[in-house]
Amino acid sequence: MKVTISAIKADIGAIAGHICPSPGVVNAVTEFVKKNAKGLLIDYYIGYCGDDIHILMTHQRGVGSAEIHGLAWEAFKAGTAVAKAEGLYGAGQDLLKDSFSGNVRGLGPGVAEMEIEERPAEPFLFFAADKTEPGAFNLPLYLAFADPMYCPGLMLSPTMAAGFSFTIMDVNYTEGDRIIKLNAPEDLYDIAALLRDNHRFVIESIHSRKTGEIAVACSTTRLHNIAGKYVGKDDPVMLVRVQSQFPATGEVLAPFEIAHYVAGDCRGSHNVPLMPVKKNSTIGYFDGPAMVQCLGFSMKEGKLGTPVDIFDHPYWDWVRQKAAQKMSEIRRQGFSGPAMVGMEELEYGGIAERLHRLEEKFSVRK
Ligand code: F6R
Ligand code: MG
Ligand code: MG
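Since the structure is predicted, the reported quantities are computational estimates derived from the model, not experimental observations. Positions within a chain are numbered from 1, following the residues in the order the chain's sequence is written. Lettering for chains starts from A, numbering for ligands starts from 1, and both go in the order in which the items are written. Given that the model is predicted, a residue must reach a pLDDT of at least 70 before its local features are reported, and side-chain atom pairs must reach 80 or more before they are shown or counted; all residues, however, enter totals for whole chains, interfaces and linings. The basis for every side-chain value is the complete set of non-hydrogen atoms in the structure, without hydrogens or water.

**Q** Summarise the coordination of the magnesium ion (ligand 2); cite the residues concerned and give the values.
**A** Coordination of the magnesium ion (ligand 2) by the protein involves Asp51 (OD), Asp52 (OD), Asp130 (OD) and Asp235 (OD), with metal-donor separations of 2.0 to 2.1 Å. Along the chain, the residues that donate to the magnesium ion (ligand 2) are spaced as D-D-x77-D-x104-D. Sites may look incomplete, because water is not among the atoms used; the donor set itself consists of N, O and S atoms within 2.8 Å of the metal (3.2 Å for Na, K and Ca). Between the magnesium ion (ligand 2) and the magnesium ion (ligand 3), a spacing of 3.2 Å is present, and a bridge between the two is formed by aspartate 51. Side by side, aspartate 51 and aspartate 52 carry an identical accessibility label, which is buried. Per-residue accessibility, obtained with a 1.4 Å probe over protein chains only, is compared with the maximum for each type, and a residue is labelled buried under 20%, exposed over 50%, and partly exposed between these values.

This is how it looks when you write it as structure tokens:
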């Protein structure tokens, strides 16, 4: 049976700054989806990660369906109306265009979706991150799908021996989708050369080279490319199929133990560790930490069943402690050097004017 999984997310307003949506907003989005799901969706799951609400939907309309995207868009509009009425901060901030044109791509919300031929058992992971950028998934995906140091299945499992093909997008290019396809293992160094730049090159999808099946779909939206100015970080969502011909759940999760440094946190302008957190976590320190949630599903004929909150486990408590420590270490040096992102990625323009003004005060000593 062919099933499409669509994860669409947006920041439509939050309590006390950019912390989390209110129960009223989550309820409005949920009620809208519930009311309009009939005949369209097989199943859905709604939650939030920091200030971003995600709608995970299963259906049979394929990827990029106007009806499915339209449902999410209207649900976010219904949520925005409540956010405005409640005086939430940044109400409707990711609904960047006034009208819906058939697909939410390029309008503000983030989308990760895949159409699959459902396996007899279809385990998959849904990741949602906040206060960071789509490239935050580059390193964990590289390690899980191309490095036997993290994914022993690459050397142990005959079904994975052929490796995986990576589709990588240049998200700085705004005229269209500029992509490159590279194969692991033979193109490893080329893949690494691109993926080191999380701001510009982002994994869009990964496919099994043995079966051609899709394993991973990530959202690649760059809000500041759409809006032409800073309107918030492009907090990503991602779908990862696991087990059998794909890496095991444990192999996909393993790299998140690093709590690697990514761009994000306060004003989207700092380099901070990515903390794995429990579902529906709120923002707690320095407009961060940059965080990632993971829900594990077993889908059957499009039905999602009861998800497992993957990072709700004592092991990840230890990782959270470590991430907090890494965070404090780099935070203590404030604006200095690698603590902040480079000039190109600073998303508040004020510093450019400041530096411009200072330019005129410089003189060259004779
Ligand atoms: C980061 C983020 C926040 C805001 C900060 C200032 O992605 O959303 O750190 O940048 O709270 O927000 P404004 O400019 O809305 O006052
Ligand atoms: Mg957010
Ligand atoms: Mg936000």
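**Q** Break down the domain arrangement of the protein chain for me, with residues and values.
**A** Boundaries between domains were set according to an automatic or database domain assignment. When its domains are assigned, the protein chain resolves into domain 1 (1-117) and domain 2 (121-356). Summarising the inter-unit geometry, the C-alpha centres of domain 1 and domain 2 are found 21 Å apart. In this assembly, 38 residues from domain 1 lie in contact with 43 residues from domain 2. Throughout, buried area stands for the accessible area (probe radius 1.4 Å) lost by two parts on being put together, summed over both. Both sides together, the interface formed by domain 1 and domain 2 hides about 3100 Å², and carbon and sulfur atoms give 66% of it. A salt bridge links arginine 105 to aspartate 177; the shortest N-O distance between them is 3.2 Å. Numbering of helices and strands runs from the N terminus, with a helix taken as a DSSP run of H or I at least four residues long and a strand as a DSSP run of E at least two residues long. Every element with two or more residues in the side of domain 1 that touches domain 2 is listed here: strand E1 (2-10), strand E2 (41-49), strand E3 (52-59) and strand E4 (110-117). Broken down by element, the residue count for the side of domain 1 that touches domain 2 peaks at 8 residues, all from E4. Residue polarity is assigned by list, with Asp, Glu, Lys and Arg as charged and Ala, Val, Leu, Ile, Met, Phe, Trp, Tyr, Cys and Pro as nonpolar; anything else, Gly included, falls into the polar class. Of the residues belonging to the side of domain 1 that touches domain 2, the class tally is 19 nonpolar, 9 polar and 10 charged. Residue contacts are defined here by distance: any two heavy atoms, one from each residue, within 4.5 Å place the two residues in contact. Definition used for salt bridges: Asp or Glu carboxyl oxygen within 4 Å of a side-chain nitrogen of Lys or Arg.

**Q** Talk me through the environment of alanine 254; I want residue IDs and the actual numbers.
**A** For alanine 254, the position within the fold is in the loop between helix H7 (249-253) and strand E11 (261-264). Taking the C-alpha atoms as reference points, alanine 254 and isoleucine 19, separated by 235 residues in sequence, lie 28 Å from one another.

**Q** Residue-level account of the site of ligand 1, with values.
**A** In this text, near means that some heavy atom of the residue lies within 4 Å of the molecule or strand in question. Surveying the vicinity of ligand 1 reveals 11 residues, the closest of which are His18, Tyr89, Arg267, Asp287 and Tyr348. Within 3.5 Å is the distance limit for a polar contact, defined as a pair of N or O atoms, with the added protein rule that one can donate a hydrogen and the other accept it, and that residues adjacent in sequence qualify only through two side-chain atoms. Backbone polar atom of arginine 267 to an oxygen atom of ligand 1: 2.8 Å apart, as the coordinates give it. Take aspartate 287: an N or O atom from its side chain is 2.5 Å from an oxygen atom of ligand 1. Bound to the protein, ligand 1 loses 78% of the 410 Å² it would expose on its own. The residue makeup of the shell around ligand 1, split by class, is 4 nonpolar, 2 polar and 5 charged. Reported accessibility uses the Shrake-Rupley method at a 1.4 Å probe radius. Residues are deemed covered only where the shown protein chains occlude them.

**Q** Give a detailed account of the side chain of threonine 167, specifying residues and quantitative values.
**A** Tracing the backbone through its elements, the reader meets threonine 167 in strand E6 (residues 164-170). The exposure class assigned to threonine 167 is buried, which follows from its relative accessible area of 2%. Ignoring sequence-local partners within four residues, the contact set of threonine 167 consists of Ile179, Ile180, Lys181, Val202, Ile203, Glu204 and Ser205.

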